[in-house]
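# Fold and contact review
Residue strings, one per chain:
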Amino acid sequence: MQDQALAVLRGQIADIILGTVFLFGGLAACSIAAARRKGGVRILVWLGIWSAMYGAELLGGRSAVLSALPHWARTSVPYMTTVISYLLVVVGLLAFLELSVGKLRLFLQVVIITGLVIALAGIGSFLLTGQRDKFMLPNNLLAACALLVLLTVVTVPRLGRRFLVLPNRVVLSVGSLLFALEALYSNLSFLMQFRHLHILDSLGFGILLSSFGYVAVQMVLTNERRLLSIDNELEIARRLQFSILPTTIPEVRDARIAVAYRPMTAVAGDFYEFLPVDQHRIGFLIADASGHGVPAAFIASMIKVAMQSVVSCAHDPPEVLRRLSHILAGQLGEQFVTAAYLWLDTENRSVSYSAAGHPPLLLWRDGKLERFESNGPVFGFLQESDYPVCEMPVRAGDRFLLYTDGVVEAENALGEFFGDRQLGQLVRNNQSRPPSEFSDQVLSEIHRWRPASAPQQDDITVIVIDILERS
């Protein structure tokens, strides 16, 4: 008995070794893909699953392995191998799908859906009747058809360039051709009823998988280099964008000013600027370009350039916005910009305010919170626009708040906006804080409002202006 067991083990040792290699190699590929979590690793996931499934099927068909399993595991092996036999083609095609474009991609999607239908029918038949191979013929014919099409596309340069995204077509071509030749030899051996070495099936699959893995690793590395290049460019863009924002806060007699600025991504569409004229007079512009990221940041840079043309009319909020609207009209494509401009004169104790579709100006005075909209049209659509102006006197103790909609549109776990009510309550509860502390408190409260795992949903800018006693 022991000699027979050793003989069986010797006859199956090669398949056991190869099955173990395929199984754990596939699991390793899936683990690497999960650890990296970057774009382009999905192909590694499919290859890992493909390899692990083949290895599990190979091990499940060897009596030496089955005899070492507990009873409950042995009884589940036929179900596992049946499922794998029908789905192996589908998973392989899903891996090829990551390389395909155009009509080939559409073809593979149709074949995958067909394969899933056959697999469900075959697995269902096995569960109901115990017949494992009832739908194996259409499954094999589908695999042969798909292999023939893919082999043609991979080996013909013109078709490969048109329908495949490959960093190295030669390696995959050789691997696919060798696998196809081995599959042809295996089927001819079966039809002509002469002895066929089953280890060649595993070697053929291993060659295909290795060539596929080589291409996949090249794709992942190429994609990571591209992402690294984009990250470097975004870092440069971030530094350039911060360079267009004011580096210091101007000192204005009888007023204290603070700014809080937090972009959603490396670059942002929020923009703010100061137009100081002297120690008593200063203009504040706050703007928010629609969208996020690089396009919005580019528009913010355009506003910075456009600001040079409004210095002469800094004391006139409607004119400032009218000129900016005139410059930006027709330059923004489908995007738009909201903006607000506040002119403060601490010598004459007055402010003037105009806005272009922007959230309202908040004024905290004598224990009451007031909102001023004074809105005209947003920038980007009309070349000639009129903007209403709101003028009012100021006195010591007044607090003005300019902000972008990233403040009030922050969402909590229930999808509720931070909103005007929360912001108003925040102003009331922190009226005694100096502007710098209050602006930081706004950011902290918004951060607490969002779920811990949720990313920031929009750019945030807050400008706080306190009016002091005359010096």
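In this text the structure is predicted, and so the values were computed from the model without any measurement.

## Considering a positive patch on the surface
- Side chains of Lys103, Arg158, Arg161 and Arg162 sit close together on the surface and give a patch of like positive charge.
- Along the chain, Lys103 turns up in helix H5 (residues 102-129).

## Re the pattern of salt bridges
- Throughout the structure, instances matching the rule amount to 13 salt bridges.
- Note that Arg365 is salt-bridged to Asp398, the shortest N-O span being 2.6 Å. With Arg365 in strand E6 (residues 361-365) and Asp398 in the loop between strand E9 (390-393) and strand E10 (399-403), the pair connects residues that are 33 residues apart, well separated along the chain. By the burial criterion, Arg365 is buried, and Asp398 matches it.
- Ionic pairing is found between Glu437 and Arg433, a salt bridge with its closest N-O pair at 3.6 Å.

## Concerning empty space enclosed by the protein
- Within this structure, the stated rule accounts for one cavity of 30 Å³ or more.
- For the largest cavity, the full set of lining residues is Gly406, Glu409, Ala410, Ile446, Arg450, Gln456, Gln457, Asp458 and Ile460.
- Split by residue class, the lining of the largest cavity holds three nonpolar, three polar and three charged.

## Some thoughts on the confidence of the model for the protein
- With 89% of its residues at a pLDDT of 70 or more, the protein shows a mean pLDDT of 83.
- Contacts for the low-pLDDT stretch residues 1-9, under 50 throughout, to residues beyond four places or in other chains number three contacts.

## Digging into the pairing of strand E5 (residues 350-356)
- With six of its seven residues buried, E5 lies for the most part within the structure.
- For strand E4 (residues 337-345) and E5, the ladder comprises seven bridges, and the chain directions are antiparallel. Across the sheet, residue Asp345 finds its bridge partner in E5, namely Ser350.
- Hairpin connection, E4 to E5: the antiparallel pair is bridged by four residues, and Arg349 has positive phi, about 55°.
- Two elements, E5 and E9, share four bridges in a ladder whose sense is antiparallel.

## Brief notes about the layout of surface pockets
- If you add up the space inside the second largest pocket, you get close to 320 Å³.
- Forming the boundary of the second largest pocket are 19 residues, of which Gly25, Ala29, Leu47, Leu209 and Gly213 lie nearest the centre.
- Residue assignment for the lining of the second largest pocket shows that the elements contributing at least two residues are helix H1 (2-36), helix H2 (42-60) and helix H9 (199-244).
- Residue classes in the lining of the second largest pocket are distributed as 10 nonpolar, seven polar and two charged.

## Topic: the sheet that holds E6
- Taken together, the five strands give an open sheet; going across it, the order is E1-E11-E10-E6-E7, and neighbouring strands pair in antiparallel fashion. Of all strands in the sheet, those bounded by a partner on one side alone are strand E1 (255-262) and strand E7 (368-372). Ignoring strand direction, the axes of neighbouring strands in this sheet form an average angle of 15°.
- Examined bridge by bridge, E1 and strand E11 (residues 460-467) share eight bridges and lie antiparallel to one another. Of the residues in E11, the one forming a bridge with Ile257 is Ile465.
- Packing of helix H12 (residues 419-429) onto the sheet brings it into contact with E6, E7 and E10, and relative to E7 it is tilted by some 135°.
- Packed onto the sheet, helix H13 (residues 435-449) meets E1, E10 and E11 and runs at close to 25° relative to E1.

## Digging into the pairing of E11
- For E11, the tally of buried residues reaches eight of eight residues, placing the bulk of the element in the interior.
- What you see with E11 is no split at all: Ile460, Val462, Val464 and Asp466 on one side and Thr461, Ile463, Ile465 and Ile467 on the other are buried throughout.
- Looking at chain direction, E10 and E11 are connected through five bridges and run antiparallel. Its bridge partner lying in E11, Phe400 is registered against Ile465.

## Side note on the packing of H5 against helix H6 (residues 136-155)
- Between H5 and H6, the shortest axis-to-axis distance is 10 Å and the interhelical angle comes to 165°. Relative to H6, H5 is oriented roughly antiparallel. For H5 against H6, the interelement crossing comes out left-handed. Between H5, through Leu104, Phe107, Leu108, Val111, Thr114, Gly115 and Ile118, and H6, the contact on the second element is made entirely by Pro138, Asn139, Leu142, Ala146, Val149, Leu150 and Val153.
- Classifying every residue of the contact of H5 with H6 gives 11 nonpolar, three polar and no charged.

## A closer look at the packing of aromatic side chains
- The final tally for this structure, using the stated rule, is seven aromatic pairs.
- Taking 5.3 Å as the distance between ring centres and 70° as the angle between the ring planes, the aromatic pair formed by Tyr79 and Phe126 counts as edge-to-face. With Tyr79 in helix H4 (residues 71-97) and Phe126 in helix H5, this pair connects stretches of sequence that are 47 residues apart.
- One aromatic cluster is present, formed by Tyr261, Tyr272, Phe274 and Phe284 through successive ring pairs.
- In this structure, Arg399 is placed above the aromatic ring of Phe438, and the distance from its NZ or CZ to the ring centre is 4.9 Å.

## Examining helix H10 (residues 293-306)
- For H10, built from 14 residues, the straight-helix expectation of 20 Å at 1.5 Å per residue is met to within 8% by its first-to-last C-alpha distance of 20 Å.
- If you check which residues of H10 are buried, you get Gly293, Ala296, Ala297, Ile299, Ala300, Met302, Ile303 and Ala306.

## Focus on the nonpolar core
- Phe284, Leu285, Ile303, Phe379, Phe400 and Leu402 are the most contacted members of the largest nonpolar core, which has 56 residues in total.
- Here the element with the most residues in this core is E4; it accounts for seven residues.
- Leaving out residues up to four positions away in the same chain, Phe379 has contacts with Leu321, Leu324, Ser325, Leu328, Leu332, Phe336, Val337, Ala339, Ala356 and Tyr387.
- Ranked by size, the runner-up nonpolar core spans 46 residues in total, among them Leu88, Val90, Val154 and Leu159.

Each value, and the rule that gives it
Residues numbered from 1 in each chain as written. Predicted model: local features only at pLDDT ≥ 70, side-chain atom pairs only at ≥ 80, totals over all residues. Heavy atoms only, no water. Patch = residues over 30% accessible without salt bridge, like charges linked within 9 Å, V, L, I, M, F, W, Y side chains within 5 Å. Areas by Shrake-Rupley, 256 points an atom, 1.4 Å probe, with all protein chains shown as cover. Salt bridge = Lys/Arg side-chain N within 4 Å of Asp/Glu carboxyl O. Lys, Arg positive; Asp, Glu negative; His and termini not counted. Charge placed at Lys NZ, Arg CZ, Asp CG, Glu CD. Helix = DSSP H or I, 4+ residues; strand = E, 2+ residues; numbered from the N terminus. Buried < 20%, exposed > 50% of the residue type's maximum accessible area, 1.4 Å probe, protein only. 1 Å grid on protein atoms, 1.4 Å probe; cavity = no way out; pocket = protein on both sides within 12 Å on 5 of 7 lines; lining within 4 Å. Points joined across faces, edges and corners; volume = space filled by probe spheres on them. Nonpolar A, V, L, I, M, F, W, Y, C, P; charged D, E, K, R; others polar. pLDDT = per-residue confidence, 0-100. Contact = heavy atoms within 4.5 Å. Pairing = 2+ DSSP bridges. Axes fitted to C-alpha atoms, helices over the stretch in contact; angles between N-to-C directions. Parallel < 35°, antiparallel > 145°, perpendicular 65-115°, else oblique. Left-handed = near helix turned anticlockwise from the far one by under 90°. Phe/Tyr/Trp six-rings, centres within 6.5 Å; stacked < 30°, edge-to-face > 60°. Lys NZ or Arg CZ within 6 Å of the ring centre and 35° of its normal. Expected span 1.5 Å × (residues − 1). Core = buried A, V, L, I, M, F, W, Y, C linked by side-chain atoms within 4.5 Å.

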